[in-house]
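For reference, the chains in residue letters:
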Amino acid sequence: MKSLNKVMTGLIGITISFLIGAILIKIQGNSPLLAYKALYDYGFASWFSLSSTLNNATPLILTGMAAAIAFSSNVTNLGEPGQLIVGALIAALLGYYINLPGWLGIIVILVVSGIVGGLYGAIAGVLKKYYKMDEFITTLMLNFIADYLTLYLATYPFLDKKSYVPATHMIKREYFLPVLSGLNSSFFIAVIMIVISFFVSKYLKIGYEWRMMGYNANFSKVGGCNNENNVIWVMFYTGFLSGLAGALLILGGTQHRFMKGIGANYGWDGVMLAIVGGNGVIETSIFAVFFGFLKAGGMGMEFEISIPSEFIMVLQAIIVLLVVSTRSTISYYGNRIKAYSKTKKVVKVDE
Amino acid sequence: MNNIIISLIRDSFSSATPILLAALGGTFTFYANVFNIAMEGMMLIGAFFAVLGSYFFQSWFMGILFALISGTIAALIFSLFALYLKTDEFLTGIGINMLALGGTTYLLRNIFSVKGAFVSPQIQTMPKWDIPILRNIPILNEILNNHPFIVYITIILAILIDLIIFHTKFGLRIRATGEDEETARSLGINPDKIKFVSILLSGILSSAAGTFLSLGYVTLFSENMSNGRGWISLAMIVLVRGRPLGILLISLIFGFFESSAFSLQHYNIPSQITSMIPYIVTLVALFIYSLNNMKKEGNEA
């Protein structure tokens, strides 16, 4: 019943958002019908478009899941963009400098990049444990520091002098992730991480402690959990997921090198997805695929009828606001109506 | 050497202004207990519409008017979702920020057909004020005179808002709402209305901060030009627990670091490194704040 409610309110919100989007397209002097047809054609209609939807969804699944796991443990990790970009840079450097046979090298790169992303996230956890610094602001500031630091490293010490923009060298060819008829295998790594995360949070003691901490911090403390340490672990694990997302952008992307803007908006999109998905690992992943569809289809709208691809960002923000507001409005006013009818009954009995 | 220090202090005022202005808006929402992280987006919206108005009417006044209207609209959208549709304030803020980032970039491409940044001789910069009293005082004149007029207004506002929040009925109501909504309601205050006004004020002041970015500092609009200043404002509010005069002081210190970071570029230090300084300074400030707090708690125990 509850998840059905979530699906229903989600659909209502999305429908209204598309209607608003249609009005915006109309104001621009384009045909909404043609625009949405292009969205569908490039995002869903063929295997080619479906695979590009899934490729687009891959980093979103990971960053969305990272935000969801953090939020559901009552840890405000807004540092996904920074953790992602750090992971991406490490993957680009390792991919150029290390010499290992193909598969082993790929695994080493992914694991190390994830760990470095995790350590970058753990900084905020450590600052919280020892100095009570709010992770909400520390992770934000760490994002900007990561942005400029990686850009500095790619512009000076690790610059590929042959490239026209600040970028690192291309990674070795044997570390490219294989593409299976259009679908990049990084998608499967994201799916494996969904399964692992689901397992960790449902069946492992530490995952249970995280959820308890999110449910009621005092209760979990009385129950014997070490909340402060758990904050660091949540930060590390979710930072690992974001760092991995960054590494997959390098090994599984198209450029195979680190350059400015490679993190795009994946980190922030992940935060929004987690909230729309109600912090559930599975729900968030489903919405991530939907956002991947919008991104892939948005390209189509740009190619076919030259609607700027930023339009999709606007649409995403509208969708997020409307989906969540429909849900909260319905539950708020629903509860009021329930309470009202209950009092009515009570009053009647009294009479 | 003397000249460098004077120009550093002078630049501190312009670096501090946008952060201070947005933070002053955030003071209202801080005391009304609205979790307002939309300042970043509202600043960006203000910066864009300031350029739009200034470009089309070739008047800085229309630029500011456009910006303030756009900030008001953004605040209305925030209130609609957060107050009336009961959407999570945090999410509403993120949504507004996304809408601002995507929307301004989208409009930049649609209206001006450029990507990245828009520059035009048609954009009018806001005027600078020449203050007669200062003209005859040697160093003070160099530091304080001939800034864009918003700089002066912002400093006056800081004092004014301090008075409003701590010495007027309206300020008392805002603080009462933030302290305990239900008690405030029982005293006949409408908390939703108070919150609405505080969001509106923060929207207007944040968008004014945006106009300083695009018509004061420089004369252009570039994608994502607020670049985290809204969040730094938020950090500062937390740091001084909302006191407007405290924000005035800390934003000047902050502005000093930002402008000295900027001048470090003349000594061959890469801009990527100097750009990190504002965020590191914020982290360090928070760190010192929390060390102090812990010491206090230790003394009390």
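About the cut-offs
Residues numbered from 1 in each chain as written. Chains lettered and ligands numbered in written order. Predicted model: local features only at pLDDT ≥ 70, side-chain atom pairs only at ≥ 80, totals over all residues. Heavy atoms only, no water. Helix = DSSP H or I, 4+ residues; strand = E, 2+ residues; numbered from the N terminus. Buried < 20%, exposed > 50% of the residue type's maximum accessible area, 1.4 Å probe, protein only. Contact = heavy atoms within 4.5 Å. Lys, Arg positive; Asp, Glu negative; His and termini not counted. Charge placed at Lys NZ, Arg CZ, Asp CG, Glu CD. Rg over C-alpha atoms; globule rule 2.2 N^0.38 Å. Polar contact = N/O pair within 3.5 Å; in protein donor to acceptor, adjacent residues only side chain to side chain. Phe/Tyr/Trp six-rings, centres within 6.5 Å; stacked < 30°, edge-to-face > 60°.

Concerning the overall build of chain A
- Of regular secondary structure, chain A possesses 13 helices and two strands.
- Each of the three principal axes of chain A carries a C-alpha extent, and together these read 85 × 60 × 35 Å.
- Classification of the 351 residues of chain A by burial places 55% in the buried group.
- For chain A, contacts bridging at least 24 residues in sequence account for 75% of all contacts bridging at least 6.
- Separation between the mean location of the 25 positive side-chain charges and that of the 16 negative ones in chain A comes to 5 Å.

Structural notes on the overall build of chain B
- Along the backbone of chain B there are 13 helices and two strands.
- For 301 residues, the compact-globule estimate of 2.2 N^0.38 gives 19 Å, and the C-alpha radius of gyration of chain B, at 20 Å, lies within 12% of that figure.
- Along the first, second and third principal axes, the C-alpha set of chain B runs to 55 × 55 × 40 Å.
- Out of the 301 residues belonging to chain B, those deemed buried represent 51%.
- For chain B, the share of sequence-separated contacts (at least 6 apart) that also reach a separation of at least 24 residues comes to 75%.

Some remarks on the side chain of A:Thr329
- Tracing the backbone through its elements, the reader meets A:Thr329 in helix α13 (residues 310–350).
- For A:Thr329, a relative accessible area of 18% translates into the label buried.
- A polar atom in the side chain of A:Thr329 sits 2.4 Å from the backbone oxygen of A:Ser325.
- A distance of 3.1 Å separates the side chain of A:Thr329 from the backbone oxygen of B:Leu85, its partner in a polar contact.
- Dropping the residues within four chain positions of it, A:Thr329 is found in contact with A:Gly334 and B:Leu85.

Re the packing of aromatic side chains
- Taken as a whole and judged by the stated rule, the model has 38 aromatic pairs over all chains.
- Measuring from centroid to centroid gives 6.1 Å for A:Tyr40 and A:Phe44, while their planes differ by 50 degrees, and the two rings are tilted. In this pair, A:Tyr40 and A:Phe44 are both assigned in helix α2 (residues 32–45), four residues apart and thus about one turn of the helix distant.
- The class of A:Phe44 is partly exposed, set by a relative accessible area of 48%.
- The rings of B:Phe48, B:Phe49, B:Tyr55, B:Phe56, B:Phe112, B:Phe118 and B:Phe221 are connected pair by pair, giving a single aromatic cluster.

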